[in-house]
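Residue-level listing of the chains:
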Amino acid sequence: MKIYTKKGDKGQTQLIGKRVSKTHARVESYGTVDELNSFIGVAIAELDQEDMISDLEIIQHELFDIGGDLANVTEKKEWALKEASITRLEHKIDAYWAEAPELKTFILPGGEKAAAHLHVCRTVARRAERLTVAIDDGSELPPFALAYLNRLSDYFFAAARAVNARKNREDILYKRGKDVFK
Amino acid sequence: MKIYTKKGDKGQTQLIGKRVSKTHARVESYGTVDELNSFIGVAIAELDQEDMISDLEIIQHELFDIGGDLANVTEKKEWALKEASITRLEHKIDAYWAEAPELKTFILPGGEKAAAHLHVCRTVARRAERLTVAIDDGSELPPFALAYLNRLSDYFFAAARAVNARKNREDILYKRGKDVFK
Amino acid sequence: MKIYTKKGDKGQTQLIGKRVSKTHARVESYGTVDELNSFIGVAIAELDQEDMISDLEIIQHELFDIGGDLANVTEKKEWALKEASITRLEHKIDAYWAEAPELKTFILPGGEKAAAHLHVCRTVARRAERLTVAIDDGSELPPFALAYLNRLSDYFFAAARAVNARKNREDILYKRGKDVFK
Ligand code: B12
Ligand code: B12
Ligand code: B12
Ligand SMILES: C[C@H]1O[C@@H](n2cnc3c(N)ncnc32)[C@H](O)[C@@H]1O
Ligand SMILES: C[C@H]1O[C@@H](n2cnc3c(N)ncnc32)[C@H](O)[C@@H]1O
Ligand SMILES: C[C@H]1O[C@@H](n2cnc3c(N)ncnc32)[C@H](O)[C@@H]1O
Ligand SMILES: [Mg+2]
Ligand SMILES: [Mg+2]
Ligand SMILES: [Mg+2]
């Protein structure tokens, strides 16, 4: 088996159920979900926190669920991503959020190397969210993809802060910022 | 206080002064400024050059200034980013530029790990610049955002070269390149 | 010589042969090729595999060839990127592919730090491919750019898997995935 098929050399590719241009909004969306998944791979490689590594591996599987759902424009399908995955993210956010000092203002993304990479994941998740909102091709959107991606960037924010808190590294506050968190 | 509000789960969000789609050009722009800010966090975590770390922290604050300015579509506002920040960048560029050997042709982005990450920052700054140029919603643009982002990518280029020069690591010249720098 | 010319401070820039907005599809495309090139710089900095480092350096030169070709909208030009570069990539893919265990399902991007960064390169190459497909300005496209970028993401996939295989690190299979590779 060869991995390259040369079938996409002219800029067309396949969704599940339809042949489209590689510029199709769904390809942009799941392509960016895949990019996010790769940055999570980098963050995992920099992390030494077992609980987060195991969260992130679950999230990587769920991003494949979302990717497959987004690629699928056939009728009568069952969605791979379930609402329970969002609830699970929320529990994780609450737990990590409780580990870091209360926040009033924005913080500079960074700190520990792993925290810095989690902030990259946060912002790439937000890019993936924007590109998923942009899908407007008449086919159904997976019902939980947007909420999941929205929560996921908050997960990365909470996790990044928890990493820094665990290492006793204080987040640097944005200095000209007024209180934005309520 | 919870960090997630679920208000953006349907793809809408708020600027300062207006509710818009997450696909709004301003959201793309400051979302990418935030992504750049996160890559700077990674670069800082890889750097051992105190002067650059302290530049980059100032730049991180300034990117929050820009982000807030870009998010703000209200009337009669004062802009957070001042022209002086551009002048400061130019002085830094001149200083780092003088540290590296004269350049005639393009160089391959890379070298020391920190230099490689500064090249990532350089190209993400240019992506942020492109997305800021794309804003065309009738509201005023912050007056110095474009010039700042333009200069910022040159700052990263000069800083990356200075890192390699300080470590006696020669940049690899693009071999089929004619002389492009004048 | 100063690196900054301030000529692009208002959002316009130059192709080879034409002055255009920085939002021009060609600028998006070669700007992303440049971003990919920078991530390759990071991957090289994380790699300890001499054969791959030397592949990647060749690829960095070829991406400059592509960048110059994409920037060039003048008549009667010779293209810098030749078809032979694609053939060379295919030989490399075949060789690395043979080093890793047979694959039936998707794998989670990650593993060794260098492998994780190669997956980032893979997905950024795909983003560059999408933005190159999007060019639609009436000027000729370099004839081999799309096929090269398409093959390049498969190269990164094969190389990432080979890194993990060489380090006896098993790729994690996507668990809800059916057999997708044929
Ligand atoms: C979506 C997709 C992706 C997504 C993955 C999203 C996800 N699922 O998580 C992303 C973008 C991440 C991706 C990446 C890659 N992919 Co891909 N991908 C696909 C695609 C389009 C669908 C795969 C899938 O999820 N199928 C769902 C499975 C479970 O479905 P199935 O068993 O095929 O069919 C079921 C349903 O989908 C449905 N169905 C399927 N087709 C149709 C059609 C109609 C008309 C109907 C009614 C129903 C229907 O019926 C079946 C019953 O359940 C296939 C091409 C294709 N159309 O099959 C390529 C494909 C599997 N990918 C391929 C490749 C090469 C890759 C990459 C290596 C590319 C790269 N260089 O990065 C990477 C590998 C990623 C990794 N980490 O392993 C190749 C494999 C080539 C080979 N030799 O077999 C394929 C075959 C595309 C091709 N070139 O032809 N991919
Ligand atoms: C722009 C923005 C961002 C930008 C930051 C840009 C910057 N300033 O540097 C970016 C994209 C980076 C960002 C990121 C995040 N953000 Co944010 N962000 C905002 C937003 C829209 C504005 C914040 C701001 O800068 N305000 C400027 C401050 C100083 O203004 P202010 O005190 O509110 O009001 C002044 C003026 O703006 C003006 N004004 C304000 N509103 C209005 C309205 C009208 C009609 C008028 C006339 C005037 C006016 O009057 C005031 C006097 O000075 C707020 C929502 C909002 N509209 O307030 C969310 C908000 C603060 N963000 C939020 C969140 C969650 C985040 C992230 C964690 C998201 C994530 N997962 O990544 C990150 C955290 C980043 C970090 N590193 O800390 C949440 C906080 C939730 C909470 N529990 O409080 C908010 C409230 C949005 C929400 N969900 O409702 N954000
Ligand atoms: C395309 C381009 C890029 C691409 C490179 C693509 C590639 N070739 O691989 C990318 C996006 C990567 C890039 C990046 C950068 N670039 Co640049 N780039 C250019 C650009 C537009 C063309 C350079 C090129 O490849 N020329 C091909 C060379 C070999 O051609 P030439 O000798 O000039 O001309 C030949 C043909 O092109 C043709 N020709 C040229 N012009 C014209 C016009 C007409 C009408 C016709 C008919 C023919 C024709 O005739 C010649 C015979 O062969 C020039 C501006 C320009 N228009 O020259 C800026 C330019 C070289 N870049 C510049 C800069 C600053 C950078 C960056 C530092 C920006 C940054 N901060 O990231 C980086 C450095 C990257 C690195 N790693 O070294 C500056 C240099 C400033 C200076 N002091 O000299 C320039 C001059 C732009 C400017 N600001 O004015 N760049
Ligand atoms: C915190 C602030 O970030 C903005 N916001 C919300 N979702 C996204 C996204 N996907 N990408 C970029 N910015 C976003 C909104 O303006 C919100 O108020
Ligand atoms: C060095 C060359 O890079 C291009 N250029 C200028 N600004 C950007 C940007 N934000 N993104 C990508 N390319 C850019 C122009 O073609 C310039 O001449
Ligand atoms: C493996 C699957 O990835 C999708 N695909 C093909 N090319 C790209 C690209 N440049 N970016 C994102 N996704 C792509 C197609 O759907 C293909 O079948
Ligand atoms: Mg959100
Ligand atoms: Mg510039
Ligand atoms: Mg392909």
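Rules of the game
Residues numbered from 1 in each chain as written. Chains lettered and ligands numbered in written order. Predicted model: local features only at pLDDT ≥ 70, side-chain atom pairs only at ≥ 80, totals over all residues. Heavy atoms only, no water. UniProt positions renumbered as here; feature names shortened; annotations may be inferred. Near = heavy atom within 4 Å. Polar contact = N/O pair within 3.5 Å; in protein donor to acceptor, adjacent residues only side chain to side chain. Areas by Shrake-Rupley, 256 points an atom, 1.4 Å probe, with all protein chains shown as cover. Helix = DSSP H or I, 4+ residues; strand = E, 2+ residues; numbered from the N terminus. Nonpolar A, V, L, I, M, F, W, Y, C, P; charged D, E, K, R; others polar. Contact = heavy atoms within 4.5 Å. Buried area = accessible area lost by both parts, 1.4 Å probe. Salt bridge = Lys/Arg side-chain N within 4 Å of Asp/Glu carboxyl O.

- The name recorded for chain A in an unreviewed UniProt entry is Corrinoid adenosyltransferase, from Paenalkalicoccus suaedae.
- In UniProt, chain A has this text filed under Subunit (unreviewed entry): "Homotrimer."
- Its UniProt record gives chain A the following Pathway (unreviewed entry) comment, quoted word for word: "Cofactor biosynthesis; adenosylcobalamin biosynthesis; adenosylcobalamin from cob(II)yrinate a,c-diamide: step 2/7."

**Side note on the site of ligand 4**
Reasoning step 1: Neighbouring ligand 4 are Arg126, Glu129 and Arg130 of chain A together with Thr13, Gln14, Lys22, Val27, Tyr30 and Gly31 of chain B.
Reasoning step 2: Looking at what sits near ligand 4, you find residues from chains A and B.
Reasoning step 3: One of the side-chain N or O atoms of glutamate 129 of chain A is found 2.6 Å from a nitrogen atom in ligand 4.
Reasoning step 4: Here an oxygen atom of ligand 4 and a side-chain polar atom of tyrosine 30 of chain B are 2.6 Å apart.
Reasoning step 5: Here ligand 4, which alone exposes 400 Å², has 78% of that area covered by the protein.
Reasoning step 6: Taken together, the elements giving at least two residues each to the shell around ligand 4 come down to helix H4 (113-133) of chain A together with strand S1 (12-15) and helix H1 (25-46) of chain B.
Reasoning step 7: For the shell around ligand 4, a count of residues per class yields two nonpolar, three polar and four charged.

**Overview of the site of ligand 5**
Reasoning step 1: In the vicinity of ligand 5, the residues found are Arg126, Glu129 and Arg130 of chain B together with Thr13, Gln14, Lys22, Val27, Tyr30 and Gly31 of chain C.
Reasoning step 2: Mapping the residues near ligand 5 onto chains gives chains B and C.
Reasoning step 3: The side chain of arginine 130 of chain B places a nitrogen or oxygen atom 2.8 Å from a nitrogen atom of ligand 5.
Reasoning step 4: Between ligand 5 and the protein, one listed contact pairs an oxygen atom with a side-chain N or O atom of tyrosine 30 of chain C at 2.6 Å.
Reasoning step 5: When the free accessible area of ligand 5 is taken as 400 Å², the share hidden by the protein chains comes to 78%.

**Structural notes on the environment of valine 33 of chain B**
Reasoning step 1: Of note, valine 33 of chain B is situated in helix H1.
Reasoning step 2: Non-local contacts of valine 33 of chain B, meaning those with residues more than four positions away in its chain, are made with Leu63, Leu70 and Ala128 of chain B.

**Topic: the interface of chain B and chain C**
Reasoning step 1: At the interface, 39 residues of chain B touch 32 residues of chain C.
Reasoning step 2: Both faces considered, chain B and chain C share a buried interface measuring about 3100 Å² in area, 59% of it formed by carbon and sulfur atoms.
Reasoning step 3: The three residues of chain B that bury the most area against chain C are Leu108, Pro109 and Arg130 of chain B, which together make up 20% of that side's buried surface.
Reasoning step 4: Our enumeration of links across chain B and chain C arrives at nine salt bridges.

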